[in-house]
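Close look at the chain arrangement
These are the residues of each chain, in order.
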Amino acid sequence: MIVRDHFDRPAGAVSLALAAFALSLILAAVAVLTARTPSTGTWAAALAAWAAIGAASSAVLTPGGGVIRRSANNADLPSAFAAQFSLSHTSPSRHTGTCAFGFAAVDTDDASSAGPCAGITRSVRA
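**Brief notes about helix α3 (residues 23-35)**
With 13 residues, α3 extends 18 Å between its outermost C-alpha atoms, agreeing within 8% with the 18 Å of an ideal straight helix rising 1.5 Å per residue. All buried positions along α3 are accounted for by Ile26, Val30 and Leu33. Taken end-on, α3 shows its buried residues confined to a sector of 60°, consistent with a single buried face. For α3, the exposed residues lying more than 90 degrees away from the buried face are Ser24, Leu25 and Val32. Residues of α3 that are buried sit in contact with α4 (40-71).

**Some thoughts on the side chain of Thr42**
Mapped onto the elements, Thr42 comes out in helix α4. Engagement of the side chain of Thr42 in a polar contact is seen with the backbone nitrogen of Ser39, the distance being 2.8 Å. Discounting chain neighbours no more than four positions away, the residues touching Thr42 are Leu33, Arg36 and Thr37.

**Describing the packing of α3 against α4**
Interaxial distance between α3 and α4 falls to 10 Å at its minimum, and their mutual angle equals 160°. Between α3 and α4, the angle is such that the two are roughly antiparallel. The two elements α3 and α4 cross, and the hand of that crossing is left-handed. Here α3 contributes Leu23, Ile26, Leu27, Val30 and Leu33 to the contact with α4, which in turn contributes Thr42, Ala45, Ala46, Ala49, Trp50, Ala52 and Ile53. Looking at side-chain class alone, the contact of α3 with α4 contains eleven nonpolar, one polar and no charged residues.

**Some thoughts on a nonpolar patch on the surface**
Taken together, Leu18, Val60 and Leu61 make up a surface patch of nonpolar side chains, about 250 Å² in accessible area. Structurally, Val60 is set in helix α4. What makes Val60 partly exposed here is its relative accessible area of 30%.

**Some words on the confidence of the model for the protein chain**
Mean pLDDT over the protein chain stands at 74; residues scoring 70 or higher make up 71%. Overall, residues 95-126 carries pLDDT values under 50, and its contacts beyond four positions in sequence, including any with other chains, amount to 25 contacts.

Reading the values: rules and limits
Residues numbered from 1 in each chain as written. Predicted model: local features only at pLDDT ≥ 70, side-chain atom pairs only at ≥ 80, totals over all residues. Heavy atoms only, no water. Helix = DSSP H or I, 4+ residues; strand = E, 2+ residues; numbered from the N terminus. Expected span 1.5 Å × (residues − 1). Buried < 20%, exposed > 50% of the residue type's maximum accessible area, 1.4 Å probe, protein only. Arc of directions from axis to C-beta. Contact = heavy atoms within 4.5 Å. Polar contact = N/O pair within 3.5 Å; in protein donor to acceptor, adjacent residues only side chain to side chain. Axes fitted to C-alpha atoms, helices over the stretch in contact; angles between N-to-C directions. Parallel < 35°, antiparallel > 145°, perpendicular 65-115°, else oblique. Left-handed = near helix turned anticlockwise from the far one by under 90°. Nonpolar A, V, L, I, M, F, W, Y, C, P; charged D, E, K, R; others polar. Patch = residues over 30% accessible without salt bridge, like charges linked within 9 Å, V, L, I, M, F, W, Y side chains within 5 Å. Areas by Shrake-Rupley, 256 points an atom, 1.4 Å probe, with all protein chains shown as cover. Salt bridge = Lys/Arg side-chain N within 4 Å of Asp/Glu carboxyl O. pLDDT = per-residue confidence, 0-100.

This is the structure we're talking about:
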């Protein structure tokens, strides 16, 4: 909606905007931050990263409601929103699998060495 209406870009530019979402880059930065020794600087950087994640998520998810509303009949709206909710919540389960796969071979219980996947990794091993 913003890409096409506000910036007057073609439909293909929406894909480019979604690719620039950069959530993966921000989460990688958080992983690096949690692997480092905690300090005031890493805490501030982690807060900035989470703020960026929240802003980016809102920028993508908020216009999504308008797209769903325009794309479905009134009678189908509950199903359309339920489907969107289900699809949007598949991502954490994929990341859980990635963490489990990535750290399954790591023989450590030290949370600082496993970063944000530490709790997931320990629960998968148990």
